[in-house]
2 protein chains.
Amino acid sequence: MMSEYHPKLKTPFCGKLGVDFPVIQTGMGWVSTAKLTAATSSAGAIGFLATATQTFEEMKQSVKEIKEITDKPFGINVRTDSTDIDERLTWAIQQGIKVVSFAQAPNPEMVKKLSDSGVITIPTIAARRHAEKVAEWGVDAVIAQGQEGGGHTGEVPTAVLIPQVTKAVDIPVFAAGGITDGRGLVAALAWGAQGIAMGTRFLLSKESEVPEAIKQAYFDAGVTDTVRTRSVDGVPQRVIRSQMVKALEKNRILKFPTALKNALKFRHATEASISDLLTEALAMKRNQDMTWAQVSLAANAPMLTKATMVDGNTEIGIMPTGVGLGVITSAPSVEDIISEIMIEASECLHSLADNTVR
Amino acid sequence: MMSEYHPKLKTPFCGKLGVDFPVIQTGMGWVSTAKLTAATSSAGAIGFLATATQTFEEMKQSVKEIKEITDKPFGINVRTDSTDIDERLTWAIQQGIKVVSFAQAPNPEMVKKLSDSGVITIPTIAARRHAEKVAEWGVDAVIAQGQEGGGHTGEVPTAVLIPQVTKAVDIPVFAAGGITDGRGLVAALAWGAQGIAMGTRFLLSKESEVPEAIKQAYFDAGVTDTVRTRSVDGVPQRVIRSQMVKALEKNRILKFPTALKNALKFRHATEASISDLLTEALAMKRNQDMTWAQVSLAANAPMLTKATMVDGNTEIGIMPTGVGLGVITSAPSVEDIISEIMIEASECLHSLADNTVR
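Counting starts from 1 at the beginning of each chain's written sequence and moves along it residue by residue. The order in which chains are written sets their letters, starting at A; the order in which ligands are written sets their numbers, starting at 1. Per-residue local features are limited, in this predicted model, to residues with pLDDT of at least 70; the limit for side-chain atom pairs, both in listing and counting, is 80 or more; totals at the level of whole chains, interfaces and linings are taken over all residues. Working from all heavy atoms in the structure, the side-chain values ignore hydrogens and water.

I'd like to hear about the overall build of chain A, residue by residue, with values.
In terms of helices and strands, chain A carries 15 helices and 12 strands. Partly exposed describes any residue whose relative accessible area lies between the buried limit of under 20% and the exposed limit of over 50%, with all areas from a 1.4 Å probe on protein chains only and scaled to the type maximum. Looking at chain A as a whole, 60% of its 358 residues are labelled buried. The criterion used for residue contact is that any of the two residues' heavy atoms lie within 4.5 Å. Restricting the contact set of chain A to residue pairs at least 6 apart, pairs at least 24 apart contribute 62%. Residue-level accessible areas treat just the shown protein chains as cover; the underlying method is Shrake-Rupley with a 1.4 Å probe. As presented, chain A carries roughly 14,400 Å² of accessible surface, and 50% of it is formed by carbon and sulfur atoms. Only runs of H or I of at least four residues qualify as helices and only runs of E of at least two qualify as strands under DSSP, and these elements are numbered from the N terminus.

If you want it as structure tokens, here you go:
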């Protein structure tokens, strides 16, 4: 099958990862389940399990499920400020997890611990200086995500960020943010990247377990229906500009009487102690000059996303997304998504390579 | 000389324009002077004279100057709501101007008038539906500008907009917004565009007559030092986030006691009648729900830009720019800018075309 694709698409880092295609499915909280991750890796790209929104036990169960479906390489995305992060990483090493990405910035010790055991590390960065910093720590590659990417995201647009980062660092770069098709993959290669990372494109797949009502809300939104806002949890995050998000942006956050209930639920889900929660809340309030109402909301943000992405509550409507959702009109199988991208990228490369003047 | 560049870079629309390279220098108000425009066209790309901020007499003089410097094709950028737009277009046709671009949206009559006389028309669009609309009117091509572009700009980022537009329309598309180098040109070709359009890259050239103090302010700014704001004239415009712009964003607009004086100056510069000015101001107030203070500022916006870009007044600091300024570190000659882009794009294409597995 490989022979049908342009050989340039098998970039050097594909060999390092042990995959056929230079395509990463990112570890989206509540969305990148065992089923989605396994489907991506089975199809020859590499999926990342979202463990940041899982308990340790749930994470173990999901890894087991993935291994039952496929023996292809896959990755896990971890929450670096979990209280049990060290045990989780130790377990991941023992399990022979091929590659780890990070929900927040990692630290040099985590990178060293993983690298020393042969685990590949790929942090996500949104600015040149962050890429330079993690490259010094010895990470194997970075995902550089432009501001048009979904969920927590930076300020620099993809078309500026990617060529800036590939020029600044020697390690492989995967381009993310607004990329949904094979032409975007070739653009990424032109910028000097070794591949692409996509979230929204995989969220809208057959294997994605996001409820149909929520998928429909994504289909209904256009390229100008997203917003990069601090109003959900104090940190810039791109979401669909839903009624709820509009209300949040107008600071009507006291409409959440269930804030405390959700905070307690999330505490349970992540096994964080009340002390951890309070420490985090105080740090948020101090560092980001937030009101207590905002801190309360921020602590609940993961639960709001869960209510949307898992329970299908369209009224809550916290729907992280990249701008690219506006050009996605259907949810095919992960295998079809990947093969369509590879076919389009191949044709694009062959066309660009055509040395004859038209 | 042509033989050194990859033949794919001579896209079909280069032939239509009669130029060697698929690179447009946009018609930046006060910046795209006769000197800059002539330098771009002399170097084998195509320059656009900014006539939107010129009187008819100044426009005639500038066109004469360009023709004295080069016999290569060049374009003019016109303000479609000038009271004398019809005479200006008639004159442009008589002068054999090769191509016209537009500071605001054109209308079907303008497009027909120019097309019937063999003048090429290239409007700038920022959304798919606008591209579809002007394509129906019979324009020859569009510049699709992503939100990271400078000056008045849309909402959709380049990496999403360009592939969306090239898929939607059959006419040639030039990609703009955040593009500064040859890798960006190849990315544009991958998205299906026939070339690129750049403003900021040419603003920072030897032939650009922008005062050195202002050029320095551009060099000093990074990729996160721009803002897309309505605070200057009520319409989203990307500028450097200067002290003045920060103040405007906080709505401290009553700090402009010279508003009326400037409004009168601009009236003179553009030969608009007081009646025209009032009509425009009333329309602004009605359509955009602006206060009179905001309307007054908006009417003055072109003069504020002139004070910066022509007079070198760094305190006023209205500096339209694309995000790409953050990766530009010097102001070489226009010829060097263009040849560096062509060399880099050629190398990039040859590298992508390499059919052997590494």
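Having seen the model, we can carry on.
Could you give me a rundown of helix α7 (residues 158-168) of chain B, with the residues and numbers involved?
Among the 11 residues that make up α7 of chain B, 9 are buried, leaving the element largely enclosed by the rest of the structure. Among all positions of α7 of chain B, only Thr 158, Ala 159, Val 160, Leu 161, Ile 162, Pro 163, Gln 164, Val 165 and Thr 166 of chain B are buried.

An account of the pattern of salt bridges is needed here, citing residue identities and associated values.
In what follows, salt bridge is the name for a side-chain nitrogen of Lys or Arg lying within 4 Å of a carboxyl oxygen of Asp or Glu. On inspection of all chains with the given rule, the structure shows 26 salt bridges over all chains. Residue Asp 140 of chain B is joined to Lys 16 of chain B by a salt bridge in which the shortest nitrogen-to-oxygen separation is 3.5 Å. One end of the pair, Asp 140 of chain B, is in the loop between α6 (128-137) and β7 (142-145); the other, Lys 16 of chain B, is in helix α1 (residues 12-17), with 124 residues separating them in the sequence. Looking at Asp 140 of chain B, the relative accessible area reads 18%, which means it is buried. In this structure Lys 16 of chain B comes out as partly exposed when scored by relative accessible area, which is 42%. Among the ionic pairs, Arg 183 of chain B bridges to Glu 344 of chain B, the shortest N-O distance being 3.6 Å. Highlighted residues: Arg 183 of chain B in helix α8 (residues 182-190) and Glu 344 of chain B in helix α15 (residues 334-353), separated in sequence by 161 residues. Residue class for Arg 183 of chain B comes out buried when judged on its relative accessible area of 11%. In the salt-bridge network here, residues are joined through shared partners; they are Asp 181, Arg 183 and Glu 344 of chain A.

A description of the sheet that holds strand β11 (residues 226-229) of chain A should follow, citing residues and the corresponding values.
All names here are of chain A. By definition, two strands form a pair when at least two bridges between them are found by DSSP. If you trace the 3 strands from one edge of the open sheet to the other, you get β8-β12-β11, paired in antiparallel fashion. Each of the sheet's edge strands pairs with one partner strand only, and the pair in question is β8 (151-152) and β11. Strand direction decides the pairing type here: β8 and strand β12 (residues 237-240), joined by 2 bridges, are antiparallel. Each residue of the ladder has a partner; that of Gly 151, found in β12, is Arg 238.

A description of the interface of chain A and chain B should follow, citing residues and the corresponding values.
Each partner contributes to the interface: chain A provides 41 residues, whereas chain B provides 41 residues. The term buried area denotes the loss of accessible surface (1.4 Å probe radius) that occurs when two parts are joined, taken as the sum for both partners. When the buried area of chain A at its contact with chain B is split by residue, Lys 8, Arg 183 and Leu 352 of chain A rank highest and sum to 20% of it. Taken together, the connections running from chain A to chain B amount to 2 salt bridges. Between Arg 241 of chain B and Glu 155 of chain A there is a salt bridge, with its nearest N and O atoms 3.7 Å apart. Counted as a polar contact is a pair of N or O atoms within 3.5 Å, where, for protein atoms, one must be capable of donating a hydrogen and the other of accepting one, and residues adjacent in sequence contribute only when both atoms are in side chains. Scanning the region where chain A abuts chain B turns up 8 residue pairs in polar contact (both at pLDDT 80 or more). Breaking the side of chain A that touches chain B down by element, the ones donating at least two residues are α7 (158-168), α8 (182-190) and α15 (334-353) of chain A.

So what's going on with the environment of Ala 190 of chain A? Which residues, and what values?
Within the secondary structure, Ala 190 of chain A sits in helix α8. With 27 residues separating them along the chain, Ala 190 of chain A and Pro 163 of chain A place their C-alpha atoms 8.6 Å apart. Sequence-distant contacts of Ala 190 of chain A, that is, excluding residues within four places in its chain, are made with Arg 183, Val 186, Ala 187, Cys 348 and Leu 352 of chain B.

Which residues make up the relation of the copies chain A and chain B, and what values go with them?
Here the second copy of the chain follows from the first by a rotation about an axis and a shift along it. To superpose the copies, least squares is applied to the C-alpha atoms of every residue with a pLDDT of at least 70 in both. Between chain A and chain B, the superposition needs a rotation of 180° and an axial shift of 0.0 Å, giving an RMSD of 0.0 Å. Considering both components of the superposition, the chain copies are consistent with a two-fold axis. Same-surface contact between copies: 100% of interface residues of chain A are shared with the interface of chain B.

An account of the pairing of strand β9 (residues 173-176) of chain B is needed here, citing residue identities and associated values.
All names here are of chain B. The side-chain alternation of β9 yields two buried faces, one formed by Val 173 and Ala 175 and the other by Phe 174 and Ala 176. The pairing of β7 with β9 spans 4 bridges and is parallel. Its bridge partner being in β9, Val 142 is matched across the sheet by Val 173. The handedness rule is simple: strands pointing away from the viewer, and a clockwise path from the first strand over the helix to the second, make the crossover right-handed. Remark: the β9/α8/strand β10 (residues 195-198) crossover connection has right-handed handedness.

If you had to explain the packing of α8 of chain A against α8 of chain B to someone new, which residues and values would you point to?
Each packed pair of helices is defined by two parameters, the angle between the axes and the distance between the axes. Running from N to C, α8 of chain A and α8 of chain B cross one another at 165°; their axes reach a closest spacing of 8 Å. Judged by the inter-axis angle, α8 of chain A sits roughly antiparallel to α8 of chain B. Handedness of the α8 of chain A/α8 of chain B crossing: right-handed. Of the residues in α8 of chain B, those touching α8 of chain A at Arg 183, Val 186, Ala 187 and Ala 190 of chain A are Arg 183, Val 186, Ala 187 and Ala 190 of chain B. Polarity classes work like this: nonpolar for Ala, Val, Leu, Ile, Met, Phe, Trp, Tyr, Cys and Pro, charged for Asp, Glu, Lys and Arg, and polar for all others, with Gly in that last group. Looking at the contact of α8 of chain A with α8 of chain B, its residues break down into 6 nonpolar, no polar and 2 charged. Convention adopted: a line fitted to C-alpha atoms gives each axis, helices being fitted over their contacting stretch, and angles between N-to-C directions are expressed from 0 to 180 degrees. Every angle not falling under 35 degrees, over 145, or within 65 to 115 is termed oblique; those three ranges are roughly parallel, roughly antiparallel and roughly perpendicular. Crossings are classed by handedness, with left-handed meaning an anticlockwise turn of the near helix from the far one by less than a right angle and right-handed meaning a clockwise turn.

How would you sum up the sheet that holds strand β7 (residues 142-145) of chain A? Please name residues and give values.
Residue and element names in this part refer to chain A. Pairing is parallel in the open sheet, where 9 strands are placed in the order β5-β4-β3-β2-β1-β10-β9-β7-β6. What marks the edges here is a single partner per strand, and that holds for β5 (120-121) and β6 (124-125). Inspection of the sheet shows strand β1 (residues 23-25) paired to strand β10 (residues 195-198) by 3 bridges, in the parallel sense. Note that in β10 the partner of Gln 25 across the bridge is Met 198. Its contacts with the sheet place helix α3 (residues 56-69) against β2 (46-50) and β3 (75-78), and it is angled at close to 155° to β2.

Tell me about unusual backbone geometry, residues and numbers included.
Of note in this structure, Trp 30 of chain A is not a glycine but carries a positive phi near 70°. Checked against the element boundaries, Trp 30 of chain A lands in the loop between β1 and α2 (34-42).

With reference to specific residues and values, describe the packing of α8 of chain A against α15 of chain A.
All names here are of chain A. As a packed pair, α8 and α15 sit with axes 7 Å apart at the nearest point and diverge in direction by 55°. Judged on the interaxial angle alone, α15 and α8 are oblique. Here the hand of the crossing between α8 and α15 comes out right-handed. Touching Gly 182, Arg 183, Leu 185, Val 186 and Leu 189 of α8 are Ile 341, Met 342, Glu 344, Ala 345, Cys 348, Leu 349 and Leu 352, all from α15.

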